[in-house]
Structures are given as structure tokens and as C-alpha cells.
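Read off the chains here:
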Amino acid sequence: MGVVMLVGILVAVTITIAMQESKMTGRDRQRSSGVATAESQVDLLTAQIQSSAPAALTSLCGPIAGSTKVAGDSFSLASTVTYYDTSGNVVPCSQVATTLLAQAKIHSTATSAALAHSAAAVRTVESLIKLTPAYANNLDKAIFSDSSMTMSNKTVLKSASATPNADIYTNGNFTCNNNEEFHGSIYAQGSIYLNAQCTVSVDVWAKNQVSVTNPSASIGGRALSAQSTIGLDKAALGQQARAAGAVTGQVCSTAGKCFGNLGLTAVNPPPVTTFPQLKWDSTAQSAWVANGYTNVVTFPQGNFVCGWYNPPNGTPDLVGADGKSANLNGKASGVGAWLFANAYKLPADTIVISNCPSDKIILQGIGLTLNKNMVLLSLGGISFTGNTTITSVTGTATAADPNLLYFIQPYSYYGTVTTCSGEGITLDNQVTVDNTVNTLLYSPCAIRKANQSEIVGQVYSGSTLTIDNQFNMTYIPLPVWGGLASPSSQVNTYSVDTMYKREAQ
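The residue numbering used here restarts from 1 in each chain and proceeds along that chain's sequence as written. Only residues with pLDDT of at least 70 are given local features in this predicted model, and only at 80 or more are side-chain atom pairs given and counted; all residues enter the totals for whole chains, interfaces and linings. As a rule here, side-chain values cover all heavy atoms of the structure and leave hydrogens and water aside.

Engineer: Would you take a moment to explain unusual backbone geometry for this structure?
Structural biologist: Leave glycine aside and you will find that most residues have negative phi; peptide bonds, for their part, are mostly trans. In this structure, P300 follows F299 across a cis peptide bond, with omega equal to 10 degrees. By definition, any uninterrupted DSSP run of H or I lasting at least four residues is a helix, any uninterrupted run of E lasting at least two residues is a strand, and each is numbered from the N terminus. Looking at the secondary structure, you find P300 in the loop between β25 (295-299) and β26 (318-319). At N261, a residue that is not glycine, the phi angle is positive and equals roughly 55 degrees. Among the secondary structure elements, N261 is positioned in the loop between β23 (258-259) and β24 (279-280). Relative accessible area decides the class of each residue, using a 1.4 Å probe on protein chains only: under 20% of the type maximum gives buried, over 50% gives exposed, and in between gives partly exposed. Under the relative-accessibility criterion, N261 is labelled exposed at 60%.

Engineer: Looking at this model, I keep getting lost on the side chain of D140. Mind explaining?
Structural biologist: Residue position: D140 is located in the loop between β5 (122-135) and β6 (143-145). Pairing of N or O atoms within 3.5 Å defines a polar contact, subject to two protein rules: one partner must be a possible hydrogen donor and the other a possible acceptor, and residues neighboring in sequence count only if both atoms are side-chain atoms. Polar contacts involving the side chain of D140 include one to the side chain of T493, which spans 3.1 Å. Setting aside residues no more than four positions away along its own chain, D140 makes contact with Q458, Y460, Y475, N492 and T493. Note on contacts: a residue pair qualifies if any of its non-hydrogen atoms lie within 4.5 Å across the two residues.

Engineer: How do you make sense of the state of the cysteines when you look at a structure like this?
Structural biologist: Two cysteines form a disulfide when their sulfur atoms are joined by a covalent bond. When two cysteine sulfur atoms are found within 2.5 Å, that pair is recorded as a disulfide. On inspection of all chains with the given rule, the structure shows five disulfides. Shown here is the disulfide that connects C420 with C445, its sulfur atoms set 2.0 Å apart. What sets the handedness of the C420 and C445 disulfide is the S-S torsion sign, and at about -90 degrees it is left-handed. Of this pair, C420 sits in the loop between β36 (416-417) and β37 (423-428) while C445 sits in the loop between β39 (437-443) and β40 (446-450), and the two are 25 residues apart along the sequence. Look at C445 and you get buried, because its relative accessible area is 1%.

Engineer: Explanation requested: the side chain of S443 in the structure shown.
Structural biologist: Summarising the element assignment, S443 is placed in strand β39. Only 2.9 Å separates the side chain of S443 from the backbone nitrogen of C445, close enough to count as a polar contact. If sequence neighbours within four positions are ignored, S443 has contacts with F275, Q409, G424, I425, Y460, S461 and G462.

Structural data, given as C-alpha cells:
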């Protein structure tokens, strides 16, 4: 009898210890998840502040509530954002849209649902960020389209800053068709359609409809529709969905997630951004020259004529960066042939002007190697296709200090507005730009990138933008020294620098 009682006592003690260890293990897990969740919320709010116009910052000011799940644990989120002016004074939320801001403090607390017989895990992270105004007319988006934008089949858009600020903006509709990943927000003056496994790290914000039709889609921040409805199906949503019309979706079963039928004045449309007009004239050129682009080469000249490169019989083949000669007939335009033979040995940062309104700069399966920064200004547009690789001469650039390459079809050239006839810029069939070259693609006409293209930089289209089949892009803004309208005093957005981020009590 005594043995039975002793065994029973030992079993009870063992069970008690196991239960206590289980509770401790669960609580430790919640504490670890809690600090990561609070930090993630700080990062998300930082990205939203950076991508929002001043008028939209009123909704990112003061107390902000939310909730999320991490590995089966539920967390409530309580955040506070406080803004400061250039004198260090706190700016009331009602005045952030009209006050020039200098800093913001973000304080976020994650509180777990309590385990049985345990207190909730509470962890807090705070951050102080520096706000630098970006004035109107700056090129501050990763990808911009003045009309519709369609992305299909394995697009990955990320930011070199490792923060989710690679934003997409369109004055038309945005469509994601298959397995896309966007490390930023998507803004559309039309509708946004996430038709496949589309992952958006921050906000999805449309003037019209937001439609998500794939259960594997995910929105890390908010889903907003100013004048229509939101349909989320089974998609994940990090914060709230708010719409003038109905909001539907599996996530709406969670209290505080979905707010529909708010009317036409409750949700602001995305801040309108007009297509920036890059006008080339003597003033614009002088501004680039003043910033080091002192070698200006204008075409047509000599054998490098408009249209296809077709030199007279007996002309020696051109020699490229590898020291080998190549017959470029049928593979390059006149300007393209000159680039093949000269871009690797430029005497200074260079402006190449192709004054051929009816002819593109063309390279087909011919590499382009740079030793300096270069502006390709082409009135007729640019077309690189067929396994073309753009790289730098060894030792002239690195990923941290790259050469800059500008593909520019100007909005106007000495007062003559560009007339679009088809695509303005085309990068097709495995055109790869290595990470020692950063690029800006700018055209008032349509831009198309297709078939395993890769770039570091920005894309600005004044018409439609189509991206097909395995496109990898890393967002880095490039300086534009001349041609854009002078920056106005209107603050468009704020760029963000984190001064500190730490766990707080």
C-alpha cells in the first residue's frame, strides 16, 4: 500500500513539473514572439509613414490598434505614433498634414493571449525616425505607370534598403497574375486585382475596387478602397480593411479587421501623383554637365547612323570590351554599335543623344559594358533583347558604388513633345543588368520587360507597363540632375532614416 501511495505521489509530482515546464516553455515562446511582433509592427508603421502623403499621416498618428497571430499565439497590438516639428515640438495629429515634420517616434506593444494559469506576455519596441521631405516632382517610386500595370509570373520587387519601401504607383489599374512578391505598398487610382499568389508587404490602396481572388494572397498592412468594395476571399491581412462599399473575406470574422459601407468620404483615395515630365533642352543638359556628365556624344554621325548599323564594305568589325571583334549587322542599330565599341572606354561620365525620332537604340544579344556613368537619351526609344548582359568593366564599379545607366526617352526634346508609336522601352528575353549597374527606365510611352529580366533601380512609364515571366528588381532611387520641373515647396512624402530602434519597458 505504501509503495502504491509513493508511486502515486511521484506521478503527481512528475505531472506537476511537466505542466509547469510546459507553461514556462509556452510563456517563453510568447515572450520571444512578442518582441518580434512588436518590432515587426514598428517596421510596418515606418514603411507606411514613408509611403504616405502628408494628408494620409493623420491616420498614422496617435493610438493605433491591431492584432495578429504568430505560430498559434494571438497578440493584440497597441501602437502610438508621435510627430515632431523642426524645433522638436510635438505636432498634434490634426496638424501633421500641414506642418513640416522632422521626426517621429513609434511605440508598439504586443500583448499575448494569456496561457492557462499564466500572465500574458507583454513586449514593447520603440523607434525614433528622422523624416526628410521629398518634394513634388521627385522620382520616389520603385515602379510608376500613368496607365494600367500588369505583372505576370514570378516578379520579385524588393528594396536595397532592406525596408519595405519599394512602392508601386499607377494612375490606372494594377493586376497581379501569378506568384508575385512586392516589398512595399501598391497604390492605384483605378482598381487593384490580386488574382494569384501575390504577397504585398505593406498596403494595398485603391481609389476603386480591391479584389483578391486567391487564398494564398497576403497583404501585410491595410487594404483600402475609397469609392468601391474590397473582396479578400481567404487572403491574409495584417491590419484593417476599410472601404466605401462592402468588405468581405474570411479574415472579416476577426473582430476589428473589416470596416465596410463607410461611404465616399470616410476613406481617402491614394495621393494623386502625375507623371513627371522629363524635358530635355539646353538647360537640362547643362545641369547634367554640371554634375559631371561632361562627355556629350550626339548621333547620327559617321557610320553610326539612324536605323540598323550597316557600314560600307571593307569597314573593319568593331571591337568590344572583351577585345574581340564582332560583326554587328542585323544585331545593333547605329547607336547600339557605337555603344558596343565605346561604352567600356569612356573618358568621363557620358550623355549619348540619339536624335533619331523614328528609330530605337537596338542591341540584340550584344552585351553592354560600362566604365562610367551614362545617359542614353533616345527620341525613338530603346530596345535591348536576346541574352543581352549589361555590366561594368572590372574595377570601375561595385554593388555598393555602381555605375549609373539612364534609359531615357524624353517627354520632350527642345520643345517637341515625343509622339508614342508602340513601346518606348523594351527589355526582352533574358536582358540582365548586374548589380554593378543601377538603371532608371523612363519613357512617356509604354514599357515592357519580359522573359527573365533583372535590374537594380527604377521604372517610370507614362503609358502602360507590362512585366512578364520572371522579373527580379531591387529598388534604388537614382538622382536626376536636370530635365524635371523644379521641385515645388509641396511635400509629396517623407523619406525615413532610423535613428534608433530598441526594446522598451
